[in-house]
Amino acid sequence: MNKEVRLLLKDRNAAFRSDDAQAYSKSRANLKRGIKKAKYCYKLKVEEHFSNSDPRRMWQGIQIISDYKSSNCTPTVMDVSFLNELNDFYARFNSDSKGTATKISPSADHQPLKLTPSDVQTALSRTNARKAAGPDGIPGRVLRACAEQLAGVFTDLFNLSLSQATVPTCFKSTSIVPVPKHSSPTCLNDYRPVALTPIIMKCFERLVLAHLKDCLPPTLDPHQFAYRRNRSTEDAVCTVLHSALTHLDNNNTYVRMLFVDFSSAFNTVIPSKLTTKLGDLEINTSLCNWIMDFLTNRPQHVRSGHTHSTTITLNTGVPQGCVLSPFLYSLYTHDCKPVHGSNSIIKFADDTTVIGLISDNDETAYREEVQHLATWCADNNLLLNTNKTKELIVDFRKKNGSTHDPIHINGMVVERVSSFKFLGTTISEDLSWATNTSSLVKKAHQRLFFLRTLKKNQLSSSILVNFYRCAIESTLTGCISVWYGNCSVADRKALQRVVKTAQRITGTPLPALEDIQRKRCLRRARSILKDSSHPDHGLFNLLPSGRRFRSLRTRTTRFRNSFFPKAVSLLNSSL
């Protein structure tokens, strides 16, 4: 129902009341043509949302078809006093700041980073026009449209900021919009802080970030899998499982996995400690001072509509919502390394996992590792959340003798769990994948409803397949190279039933999950082979002939069907 149809409907009703049969017949015909045209235009509008592989546009199309309206969960109380409470809550770690933020005296021959107008113009032209404006109110679409005209001005501003190691206050101010985590928030912690920073500062940060990455060796902190090229959650989970399975192939062994949780990790970083660590990595002194100034004296306020809280100045933490923050956090934690060779620490941003490989019931090294991690966290102002920290024990020995003693952190017992969702993949204590598979199947079945909705609206098969690939297949194949090889027959059938159901709805053949897993294993293995800095690069060794890879020695089917042995086998068979 659009404006044109409403006018035609009005004309038809007027003709009906006028008792003019000829006018009424003509108006009815016009109305039919108008409705037909409106339906066609509506169909084109809906199909436009599904014309590419953009999930955001697809879900917007689903909302149009289903007439979805989001529930308004905005809290009723949003006065200044409440916003001030929220601001104090978000800045609660600022009062515990340790260390004095003093800049390092640069050497006489130091050269500050210098940006070129072409670099600045490229950064401005790549601005995401859909991003919300920061406290300065300048939208991204303006910076993108006027990139060529503004490049010279901002190049001078950026270079002056870098040479003086000073960031303008308006560039580093933050406006926080509180978003309720659920429909009925009851405490301050139920509001998620969404930080908005100036978009021009994000462009500045991207340029500095590119320089920082070029200054650091690719082998720095190899077990940090976040914010690195050719690294993903899939790599992190594969590394954890390979370490465990390799150890469990030996006699009288078991594995303890400690999934560590930090309380607001980004908000507790001490700028002075970070600057010291950057200096140890031989980062340019003036750039270290610039980062110090960027992280200190940061104005922050909480906003709801047109109401603002009072402004608080922060000197602790790396601001969430900034481009540099995740990378700076990874540099802050790069020296968090295992002290014993039988242990490993796998990191993905602030998700930290301690892997203890236990032999002959000797847990001394593992327990010392946990205590060392707790001490390191205390020295670096990172707060361990023992209530959310969980431990998973994988023990396949038939005669365990006795139960495993729990781990204590800061005097509190760490809860032992039978399964844990690690970076989106559920790992069970028996390393079976039934729990992970059932959750994926359940989520995929929920999205099949939307596929049926699209079918009822008579969208083309190509659009239905596109939606399936983006919304359903992507769900079923998340980290598929990690777990599919060891799935039971029942689990594989349950997964494939979803594919067959989608195939009936779309009316076109869809690729089997086994074929997808094989292709992704090969693609992942080849990308690791090309990256000599990848922590798992050494698992792919050529035989003396130089034509095939050496197979990994395995004793159990569980280990043989895991990613790395399977990847070596697939590489050899593809030669």
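No experiment lies behind these values; they were computed from the predicted model shown.

Trainee: Any chance you could explain the environment of C487 here in plain terms?
Mentor: Mapped onto the elements of the fold, C487 is located in the loop between α16 (480-483) and α17 (489-506). C487 sits 71 residues away from R558 along the chain, and the two C-alpha atoms are 9.7 Å apart. Setting aside residues no more than four positions away along its own chain, C487 makes contact with W433, T437 and R492.

Trainee: Whenever I open this one, the environment of A525 confuses me. Can you help?
Mentor: Here A525 shows up in helix α18 (residues 513-530). Measuring from C-alpha to C-alpha, the distance between A525 and A567 comes to 6.1 Å, with 42 residues separating the pair along the chain. Not counting the four nearest positions on each side in its chain, A525 is found in contact with F540, F563, A567 and L571.

Trainee: What am I meant to see in the pairing of strand β9 (residues 390-394) here?
Mentor: Along any regular strand, the residues point their side chains to alternate faces of the sheet. Burial within β9 is extensive, with 5 of its 5 residues counted as buried. Here β9 shows a buried face lined by K390, L392 and V394 and a second buried face lined by E391 and I393. Relative to β9, strand β3 (residues 253-260) is paired through 5 bridges, and the arrangement is antiparallel. Looking across to β9, one finds that L258 is bridged to E391. Relative to strand β12 (residues 415-416), β9 runs parallel, the two sharing 2 bridges. Bridged to E391 within β12 is R416.

Trainee: Would you mind going over empty space enclosed by the protein with me for this structure?
Mentor: Using the criterion set out here, one finds 2 cavities of 30 Å³ or more in the structure. Counted as a void, the largest cavity has a volume near 120 Å³. The wall of the largest cavity is formed by 13 residues, among which L241, L245, V482, S562 and F563 lie closest to the centre. Of all the secondary structure elements, the ones that give two or more residues to the lining of the largest cavity are α9 (233-248) and α20 (563-574). The leading source of residues in the lining of the largest cavity is α9, at 4 residues. When the residues that make up the lining of the largest cavity are grouped by side-chain class, the tally is 9 nonpolar, 3 polar and 1 charged. Both domains that meet at the lining of the largest cavity, namely domain 3 (233-244 + 255-264 + 337-423) and domain 4 (433-573), each give it at least three residues. Volume-wise, the second largest cavity comes out at about 40 Å³. Contributing to the lining of the second largest cavity are F262, Y329, T333, C336, K347, T352, L373, W376, C377 and L382.

What counts and how
- Residues numbered from 1 in each chain as written.
- Predicted model: local features only at pLDDT ≥ 70, side-chain atom pairs only at ≥ 80, totals over all residues.
- Heavy atoms only, no water.
- Helix = DSSP H or I, 4+ residues; strand = E, 2+ residues; numbered from the N terminus.
- Contact = heavy atoms within 4.5 Å.
- Buried < 20%, exposed > 50% of the residue type's maximum accessible area, 1.4 Å probe, protein only.
- Pairing = 2+ DSSP bridges.
- 1 Å grid on protein atoms, 1.4 Å probe; cavity = no way out; pocket = protein on both sides within 12 Å on 5 of 7 lines; lining within 4 Å.
- Points joined across faces, edges and corners; volume = space filled by probe spheres on them.
- Nonpolar A, V, L, I, M, F, W, Y, C, P; charged D, E, K, R; others polar.
- Domains from an automatic or database assignment.

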